[in-house]
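Analysis of the macromolecular model
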Amino acid sequence: MIKAITSTQNPLIKQLVLLKAKSRERKKKGQFLIEGKRELSLSIKGGYKIETLLFYPDLFSESEARAMSQYEIDIIEISKDVFQKLAHRDTTEGVIAIVNTKPHTLEELKLTSKNPLILVAEAPEKPGNIGALLRTADAANIDAVIIANPKSDLYNPNIIRSSIGCVFTTEIAMASTKDTIDFLKKYNFNIFSAILEESELYHTQNYTLPTAIVVGTEATGLTQEWRNASKANISIPMQGVIDSMNVSVAAGILIFEAKRQRDFN
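Notes on the structure follow. (Residues numbered from 1 in each chain as written. Predicted model: local features only at pLDDT ≥ 70, side-chain atom pairs only at ≥ 80, totals over all residues. Heavy atoms only, no water.)

Some words on the nonpolar core
Among the nonpolar cores identified, the biggest contains 50 residues, and L53 and L119 are the most heavily contacted of them. The leading source of residues in this core is helix α11 (residues 247-261), at six residues. Beyond its immediate sequence surroundings of up to four residues, L119 is in contact with L133, I142, A144, V145, I146, I213, V215, A251 and I255. Among the nonpolar cores identified, the runner-up in size contains 20 residues, and V120, I146, I181 and I191 belong to it. (Core = buried A, V, L, I, M, F, W, Y, C linked by side-chain atoms within 4.5 Å. Buried < 20%, exposed > 50% of the residue type's maximum accessible area, 1.4 Å probe, protein only. Helix = DSSP H or I, 4+ residues; strand = E, 2+ residues; numbered from the N terminus. Contact = heavy atoms within 4.5 Å.)

Given below as structure tokens:
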């Protein structure tokens, strides 16, 4: 029998409001919220464990909800008021799920390719940039993304939204810069760091061996550790007035040059 919750004052709903709003709560509970059919489907594809499905029947039918019982999850029907309290955006299709987080350690990173290409982003803060980086990684079908010195919670609703669910299907690890560099050296990656000063043009480099392309924030760039660890510091020739571009745009240019050299394999 499907349970029903109609009050926004229900203890579970109050807990979920905190889960949506507070990174600390997500870390403490080891859970986060997702919303929307596409995001739900991608989280399942990415191997995430769904604990509870909440649905608003005017937008997500009971038959659709019952079909999710194959995943051995709790299913709860919610009222319009509850749905609007929990939804992060207007076009959520009436479905919200409570999902368990993943650890995202370097040790858990699965690199199945013999010649991997990965993206490293150091200390990205803006959820929109992180989501865009993950979409770029997905578009190029690279092997993994490592976030070094992370400043944001990966399960921030704005990251999930801006990544359009790619956060669930991309191999992602989060670690310190030092541990990331140690990992890359252990597995013999060529490190190419996007740095303006004392750099070589990006298209003059060879990315056909195991490669890590490293990008930093527009405000502060990369730390000295990456300058020291790089096989080469690389830059994109800037022909306009300003000397930088959005980090996700720069990452896309660099990644797709590497893919071009690999015949898009």
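Considering the sheet that holds strand β10 (residues 200-201)
For sheets, the rule is that strands pair by backbone hydrogen bonds, running either parallel or antiparallel. Strand order in the open sheet formed by seven strands is β8-β7-β6-β11-β9-β12-β10, and the pairing between neighbours is parallel. The strands lining the two open edges of the sheet, one partner per strand, are β8 (172-175) and β10. With five bridges joining them, strand β6 (residues 117-122) and strand β7 (residues 144-148) adopt parallel strand pairing. Bridging across to β7, E122 finds its partner in A148. Those strands touched by helix α6 (residues 127-140) are β6, β7 and β8, and its axis lies near 155 degrees from that of β7. Of the strands in this sheet, β6, β7, β8, β9 (190-194) and β11 (211-215) touch helix α9 (residues 177-186), which is tilted by about 145 degrees from β7. (Pairing = 2+ DSSP bridges. Axes fitted to C-alpha atoms, helices over the stretch in contact; angles between N-to-C directions.)

Quick word on the side chain of D153
If you trace the backbone, D153 turns up in the loop between β7 and α7 (157-162). At a separation of 2.5 Å, a polar atom in the side chain of D153 contacts the side chain of R26. A distance of 3.0 Å separates a polar atom in the side chain of D153 from the backbone nitrogen of Y155. (Polar contact = N/O pair within 3.5 Å; in protein donor to acceptor, adjacent residues only side chain to side chain.)

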